[in-house]
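Listed below, chain by chain, are the residues.
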Amino acid sequence: MKTAILSIAYNRADSLKRQLASLERAHYPEAATLIISIDKSDTKEVETFCDQYHWPHGELRVVKHDANMGLRAHMLSLGKYFDEFEALIILEDDITVASSFYHYATQCINKYYEEPHIAGISLYAFPTNYQTYLPFTPSKSEYDVFFMNCAQSWGEVWMKPQWLKFKQWYDQHAERFHLEHLPSCLNQWPDSSWLKYHTRYCIEQNLYFVYPYYSLTTNNADPGTHRQQSDTVFQAPLQATLQTTFRLPDFEETEIRYDGFFQPKFLAKWLEIAEEDLCVDLFADKPSCLYKHYLLTNKQLPYKVVRSFALQLKPIEMNVMEQRAGNDIWLYDTTQPQAKPHRADRYAAFEYFYQKAFYKTRTMVGPCRTFSLFCELVSHKMKSFIRKK
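In this report, the structure presented in the accompanying data block is examined. (Residues numbered from 1 in each chain as written. Predicted model: local features only at pLDDT ≥ 70, side-chain atom pairs only at ≥ 80, totals over all residues. Heavy atoms only, no water.)

A word on the packing of helix 5 (residues 160-172) against helix 7 (residues 195-205)
- Contact geometry for helix 5 and helix 7: axes closest at 11 Å, N-to-C directions at 100 degrees. Compared by their axis directions, helix 5 and helix 7 come out roughly perpendicular. Counting all contacts with helix 5, which are made through Gln162, Lys165, Phe166, Trp169 and Tyr170, the residues of helix 7 involved are Tyr197, His198, Arg200, Tyr201, Glu204 and Gln205.
- A class-by-class count of the residues in the contact of helix 5 with helix 7 yields five nonpolar, three polar and three charged. (Axes fitted to C-alpha atoms, helices over the stretch in contact; angles between N-to-C directions. Helix = DSSP H or I, 4+ residues; strand = E, 2+ residues; numbered from the N terminus. Parallel < 35°, antiparallel > 145°, perpendicular 65-115°, else oblique. Contact = heavy atoms within 4.5 Å. Nonpolar A, V, L, I, M, F, W, Y, C, P; charged D, E, K, R; others polar.)

Re the pattern of salt bridges
- Scanning the model with the defined rule gives 15 salt bridges in all.
- Linking Glu59 and Arg61 is a salt bridge whose minimum nitrogen-to-oxygen distance equals 2.8 Å.
- For Arg61, a relative accessible area of 21% corresponds to the partly exposed category.
- A salt bridge links Arg257 to Glu252; the shortest N-O distance between them is 3.7 Å.
- You can call Glu252 exposed: its relative accessible area is 60%.
- Ionic contacts of the salt-bridge type, sharing partners, join the residues Lys2, Glu59, Arg61 and Glu84 into one network. (Salt bridge = Lys/Arg side-chain N within 4 Å of Asp/Glu carboxyl O. Buried < 20%, exposed > 50% of the residue type's maximum accessible area, 1.4 Å probe, protein only.)

Some remarks on the state of the cysteines
- The full count for this structure, using the stated rule, is zero disulfides.
- Of the cysteine sulfurs around Cys185, a residue in no disulfide, the closest is that of Cys150, at 8.6 Å.
- What makes Cys185 buried here is its relative accessible area of 13%.
- In this structure Cys202 is not part of a disulfide, and its nearest cysteine sulfur, from Cys150, lies 7.5 Å away. (Disulfide = S-S within 2.5 Å.)

Here's the deal with helix 5
- Across its 13 residues, helix 5 extends 19 Å between first and last C-alpha, which sits within 8% of the 18 Å expected from 1.5 Å per residue.
- Looking at helix 5, one finds that the buried residues are Gln162, Trp163, Phe166, Trp169 and Tyr170. All buried residues of helix 5 lie within an arc of 125 degrees about the axis, which places them on one face of the element. Away from the buried face of helix 5 by more than 90 degrees, exposed residues Lys165, Gln168, Asp171 and Gln172 are located.
- For helix 5, the secondary structure elements touched by its buried residues are helix 3 (71-77), helix 4 (101-112), strand 6 (118-122), strand 8 (156-159) and helix 7. (Expected span 1.5 Å × (residues − 1). Arc of directions from axis to C-beta.)

Section: the packing of aromatic side chains
- Inspection of the entire model under this criterion finds 39 aromatic pairs.
- Considering the side-chain rings of Phe136 and Tyr258, the 5.4 Å spacing of their centres and the 85 degrees angle between planes classify their relative orientation as edge-to-face. One end of the pair, Phe136, is in the loop between strand 6 and strand 7 (145-148); the other, Tyr258, is in strand 11 (residues 257-258), with 122 residues separating them in the sequence.
- Given a relative accessible area of 6%, Phe136 falls into the buried group.
- Lying across the ring of Phe85, Lys2 places its NZ or CZ 5.2 Å from the centre.
- One Lys or Arg, Lys140, reaches over the ring of Tyr213 and ends 4.5 Å from the middle of that ring. (Phe/Tyr/Trp six-rings, centres within 6.5 Å; stacked < 30°, edge-to-face > 60°. Lys NZ or Arg CZ within 6 Å of the ring centre and 35° of its normal.)

Here we look at the nonpolar core
- Counting residues in hydrophobic clusters, the biggest one holds 110 residues, and the most contacted among them are Ile5, Leu23, Phe101, Phe126 and Leu296.
- At seven residues, helix 4 tops the list of elements feeding residues into this core.
- Those residues in contact with Leu296, other than ones at most four positions away along the chain, are Leu267, Leu271, Leu278, Cys279, Val280, Asp281, Leu282, Phe309, Val320, Ile329, Trp330 and Leu331.
- Counting residues in each nonpolar core, the second largest holds six residues, with Cys279, Tyr291, Leu301 and Tyr332 among its members. (Core = buried A, V, L, I, M, F, W, Y, C linked by side-chain atoms within 4.5 Å.)

Digging into helix 1 (residues 13-25)
- Compared with the 18 Å implied by 1.5 Å per residue over 13 residues, the 19 Å span of helix 1 between its first and last C-alpha is a close match.
- Taken as a whole, helix 1 has its buried residues at Ala13, Ser15, Leu16, Gln19, Leu20, Ser22 and Leu23.
- On its buried side, helix 1 packs onto strand 1 (3-9), strand 2 (33-38), helix 2 (45-52), strand 4 (87-92), strand 5 (95-97) and helix 4.

Some words on the packing of helix 1 against helix 2
- Packing of helix 1 against helix 2 brings their axes to within 9 Å, and their N-to-C directions diverge by 30 degrees. One way to sum up the angle between helix 1 and helix 2 is to call them roughly parallel. Mapping the contact onto sequence places Ala13, Leu16, Lys17 and Leu20 in helix 1 and Glu45, Val46, Phe49 and Cys50 in helix 2.

Describing a nonpolar patch on the surface
- A cluster of nonpolar side chains, contributed by Tyr347, Phe350 and Tyr354, occupies part of the molecular surface with about 340 Å² of accessible area.
- Take Phe350: it is sitting in helix 10 (residues 348-365).
- Of the residues examined, Phe350 reaches a relative accessible area of 38% and is grouped as partly exposed. (Patch = residues over 30% accessible without salt bridge, like charges linked within 9 Å, V, L, I, M, F, W, Y side chains within 5 Å. Areas by Shrake-Rupley, 256 points an atom, 1.4 Å probe, with all protein chains shown as cover.)

Points about the sheet that holds strand 15 (residues 329-337)
- One open sheet holds the four strands; their spatial order is 12-13-15-14, and the pairing between them is mixed. For this open sheet the edge positions go to strand 12 (278-281) and strand 14 (303-309), each flanked by a neighbour on one side alone. If you compare each strand with its neighbour and ignore which way they point, the axes differ by 20 degrees on average.
- As defined by bridge partners, strand 12 adjoins strand 13 (residues 294-297) across four bridges and the pair is classed as parallel. When the sheet's bridge partners are listed, Asp281 is paired in strand 13 with Thr297. (Pairing = 2+ DSSP bridges.)

Structural notes on the side chain of Gln152
- Inspection of the secondary structure assignment puts Gln152 in the loop between strand 7 and strand 8.
- We classify Gln152 as buried; its relative accessible area is 1%.
- At 2.9 Å, the side chain of Gln152 forms a polar contact with the backbone nitrogen of Trp154.
- Within polar-contact distance, the side chain of Gln152 engages the side chain of Tyr211 at 3.5 Å.
- Once you skip the residues sitting within four places of it in the chain, Gln152 turns out to touch Ser122, Tyr124, Phe126, Trp194, Leu195, Phe209 and Tyr211. (Polar contact = N/O pair within 3.5 Å; in protein donor to acceptor, adjacent residues only side chain to side chain.)

And the structure:
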């Protein structure tokens, strides 16, 4: 498949330089075309650097736009390159790649190019669920990838057949939206976001992105269009050594799939329930409009408890798969009202999700500094909230 690497730049010269350095260090089994697409900004620093830049692995194209498009329009305009290429590796300028990224991308393209259930390929592996800010660890299979109803922007691959279908959908759904059945953060993202449309498309059409278990990119979270200051919350551990062959299943060969809320879609059989009758909400963040006859959640609700599980094993779904009995996760029959269940240990969920991180912070910086940092964080959040109001 004829493939191009597309680096999306604006006004962050240092970010672009760092990305290009990582691209240069990567391994390529063949010549690779690199296109740097630069949106118009109030500085010429990026354009000046690119005029002097040499790409050592193949053809280089530098595209300078005469007017500012904004991130959403800029990203969507990249579809024009499908007139020449079958697949595009898309990298915003604050993304760093691992040495194996090109091998992974091209092998996934060859495997899933004609797969109707796949909407795209992620190079990035989430260490943190961006909707809840809780750790995310997918259940491991014998393969190097799993599937999720969640689009990606921190290193992704678009393939021509899938992109054309998405673009046709987008042209009919480009208006603002605030929809109850979607993760709340999607409704809150700004108009400049194109990703919220691609993610909504995956959720509503039940289409999947291919995700690696070990990340081939990481997000440096440099200040920019959608971020006021940098942080390391979404820094993913990069695959450290070169891998040239990846184990990629046919779509039906693996059951490890997650929905657009980062929730497992393979627990129905472990509960002996029909999949269409079960809603899984293990992070207690799904809207009630998505509840079904049976609801699996760690939220205390006024329904009859059919079964209950502990909150001990990780990833969280292993407590169900291993039938770990307890009183922290409940399977409800939502057709039968009943008093809310009581937790045997009301701190179990806090310990499971947060306590180790708190103890680590306390150990590294000391209890007094931990308390001081916490107060500073609360103050900062309050000031940001007041400014928005």
